[in-house]
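Breakdown of the fold
Each chain, written out:
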Amino acid sequence: MINLRDKGAEVWENQGRAGRVAIAVGGIAIAASLPFMGGTILNTPIADYESVLVYPIAMFVLMAIGLNIVIGKSGLLDLGYVAFFAIGAYTMGLLGTKTGLNTWEILPIGIAMAMFSGIILGVPALKLRGDYLAIVTLGFGEIVRIVALNLGALGRSEGIQGIPTPPGIFGIEYAFDSHRIYYWTLLILILFAIWMVRRLSVRRAGRAWESIRQDEDAAELLGVPTFKYKVWAFVLGASVGGAAGVIYASKTLFIAPDNFTLQISILILACVVFGGMGNIWGVILGAVILGYLPDRIRFLSEARLLVFGLVLVIMMNLRPDGLLPRKKREKALIKKGSS
Amino acid sequence: MRLLPELGLVCLESIHMSEHNLLSIKSLSVSFGGLKALTNVDLDLNQNEVVGLIGPNGAGKTTFFNALSGLVDVSSGTLEINGKSHKWPKPYELIDLGIARTLQGVGLFPELTVLENVMIGANKTAKSGLIASALGLSGSDELRLKQRSMIALERVYTASLADEKAGSLPYPVTKRIAIARALVSEPRILLLDEPAGGLGAQDIEWMNSLIQNLASQCSVILVEHHMDVVMSVCDRLYVLNFGEVIASGDVESVRRDPAVVEAYLGVSH
């Protein structure tokens, strides 16, 4: 089977600056025009196509990019990623209903809260490795949900209702049913996350994460402060999850603990693994497919989850490294100034 | 061969201080539960000296390295570097003390390129932090790391392989790269764990001359099974058996020491 990832990298590397800008602009334009494709084969029967684009697809993509920093880049198995999504969402819910702050003011607060909880979870848990870390993070995800379920201030099982939509900016109004506006907002966040992750992964932090993933002891002996970098990976992953949570709450207007179950963590993990752990384009493709597929085949009603599972099993057998696996062969990172 | 100007300075400086005591370990003991892996080991290392640490399998040579590099807990013992006493370092503090180590086997990151492997070793010399990298402000820092790493690779004649993936290279080459990765942090003390292990005759000879060459730049503690390498590159030897130093001194006297002969060959009664 041809390696699409390497093919893509080859095309990219052979382009000049103008070619690369053209590819990037073209890609963004296609992504941005997706809401207008409702009439085509892409349309989802039964479910509202534009709403599916926002949640799950764009939301999954954003979260998968965040989780990929933790799992794909640094090799830390996090099964409680939904916790950061929930923390972002509840920050929006609580502050949005109790204070006069609007979504754009709460967004940085929600991100900060998620990052802070990333530290709280990461500092004790990241002393563990492998499966033990996975168990602790799984527990954390459940703890956050159960706290939300039991804390009166968070509305218990009723959740929080009447969360305000974002105020309009640049003359664009956010009505709760104008899905495409939310989709474009998420697209901007996704582009920012991609930019951040790409920056990091070709620099020192990326190498440090990569070395930790491949051989933590050797990395430590070479002077890589492994613990610090692992916490950073966690915190950056959490920040993306938190941002997704804030927008989610501001879009659905109503959140409850049931929106933040372990199943979401597992689904996002599936997006990362299915698409190709460690490769951001693979992860995005995986999230798009896994977000889209269940709604595309919704006409199968009860059988659709069966088909969904079958697709996963077949793909994992055919392409165990994911659709677009991480780089098979890396070139030098900085061409200029080589001696 | 091109060397960093600062490397040149280190060399000049060190020639003047050649008898200077760089590392001094007193009565180092390590035990795993009831098993005493090392008992009261003393070891001194002078500037620009190559000291060999030899002994039969299981004598505690690698444990000694692990203790010094913080991978195992030290039960007792003191550590002095450059006349100043230090706590036993954590693994990631080792580089800051001017100590670099190669691992038995190789320990390269197989999915990174040769250059990236070495750049990780140069981490300490980077200035910009994570936030700066995230915002793309660390370009000049990256370039500097890269240049230093290329110099280290040239030192072991592997600069042409910089863009290859470490996992795709033949074993003898990865051994060289592992040394470049240790050298790039400009250590004062280099711990080499079986650098000639698993190499063919030609590569051993090459490694031999490299180690001799290194002594102009830093001090070396060498753990090695190839006795011809040990005998030709080392200034002094320490012989470990069952976790204790049974002999030490210059190569000739150790070679004749009856306790060493007994440990290696057994003795006829």
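The following paragraphs examine the structure supplied in this document. (Residues numbered from 1 in each chain as written. Chains lettered and ligands numbered in written order. Predicted model: local features only at pLDDT ≥ 70, side-chain atom pairs only at ≥ 80, totals over all residues. Heavy atoms only, no water.)

Moving on, we get to the sheet that holds strand E3 (residues 50-54) of chain B. All names here are of chain B. Strand order in the open sheet made by the six strands is E6-E7-E8-E3-E9-E10, with mixed pairing throughout. Each end of this open sheet is capped by a strand with a single partner; those strands are strand E6 (99-101) and strand E10 (244-250). With strand direction ignored, the average angle separating the axes of adjacent strands in the sheet is 15°. As defined by bridge partners, E3 adjoins strand E8 (residues 219-223) across four bridges and the pair is classed as parallel. Opposite Val 51, over in E8, you have Ile 221 as the bridge partner. (Pairing = 2+ DSSP bridges. Helix = DSSP H or I, 4+ residues; strand = E, 2+ residues; numbered from the N terminus. Axes fitted to C-alpha atoms, helices over the stretch in contact; angles between N-to-C directions.)

A word on the nonpolar core. Residues and elements named next belong to chain B. Of all hydrophobic cores here, the largest spans 133 residues; its most connected members are Leu 23 and Phe 64. Ignoring sequence-local partners within four residues, the contact set of Leu 23 consists of Leu 43, Asp 44, Leu 45, Leu 68, Leu 79, Glu 80, Ile 81, Ile 189 and Ile 221. Counting 49 residues, the second largest nonpolar core, distinct from the first, contains Ala 100, Val 184, Cys 234 and Val 260. (Core = buried A, V, L, I, M, F, W, Y, C linked by side-chain atoms within 4.5 Å. Buried < 20%, exposed > 50% of the residue type's maximum accessible area, 1.4 Å probe, protein only. Contact = heavy atoms within 4.5 Å.)

Turning to the packing of helix H8 (residues 204-214) of chain A against helix H10 (residues 226-252) of chain A, a few remarks are in order. Residues and elements named next belong to chain A. In contact at an axis separation of 10 Å, H8 and H10 are set at 105° when each is read in the N-to-C sense. Judged by the angle between their axes, H8 and H10 are roughly perpendicular. On H10, the residues touching Arg 204, Ala 205, Ala 208, Trp 209 and Ile 212 of H8 are Thr 226, Tyr 229, Lys 230, Trp 232, Ala 233 and Leu 236. Residues that form the contact of H8 with H10 fall into these classes: eight nonpolar, one polar and two charged. (Parallel < 35°, antiparallel > 145°, perpendicular 65-115°, else oblique. Nonpolar A, V, L, I, M, F, W, Y, C, P; charged D, E, K, R; others polar.)

All names here are of chain B. Taking burial as the measure, the six residues of strand E9 (residues 236-241) include six buried ones, the bulk of the element. Residues of E9 alternate between two faces, with Arg 236, Tyr 238 and Leu 240 on one and Leu 237, Val 239 and Asn 241 on the opposite face, all of them buried. Of the pairings in the sheet, the one linking E3 to E9 comprises four bridges and is parallel in character. Each bridged residue has a counterpart across the sheet, and for Leu 53 the counterpart in E9 is Tyr 238. Between E9 and E10, which pair antiparallel and follow one another directly, the connecting turn spans two residues, one of which, Phe 242, has a positive phi of 50°.

Time to look at unusual backbone geometry. A cis amide bond links Tyr55(A) to the next residue, Pro56(A), at an omega of 10°. Mapping Pro56(A) onto the fold places it in helix H3 (residues 49-73). The phi torsion at Asn48(B) lies on the positive side, around 60°, for a residue other than glycine.

So, about the packing of aromatic side chains. Throughout the structure, instances matching the rule amount to 15 aromatic pairs over all chains. The interplanar angle of 85° and the centroid separation of 6.5 Å between the aromatic rings of Phe84(A) and Phe234(A) together place this pair among those described as edge-to-face. Of this pair, Phe84(A) sits in helix H4 (residues 82-98) while Phe234(A) is found in helix H10, placing the two residues 150 residues apart along the sequence. Each of the two residues, Phe84(A) as well as Phe234(A), counts as buried. Note on Tyr157(B) and Trp206(B): the rings are 6.3 Å apart at their centroids and 70° apart in plane angle, and the pair reads as edge-to-face. (Phe/Tyr/Trp six-rings, centres within 6.5 Å; stacked < 30°, edge-to-face > 60°.)

All right, on to helix H5 (residues 139-155) of chain B then. All names here are of chain B. Counted at 1.5 Å a residue, the expected span for H5 with its 17 residues is 24 Å, and the 25 Å between its end C-alpha atoms agrees. Buried residues dominate H5, accounting for twelve of its 17 residues. Residues of H5 that are buried include every one of Asp 141, Glu 142, Leu 145, Lys 146, Arg 148, Ser 149, Met 150, Ile 151, Ala 152, Leu 153, Glu 154 and Arg 155, and no others. After H5 finishes, the residue Tyr 157 shows a positive phi value of roughly 55°. (Expected span 1.5 Å × (residues − 1).)

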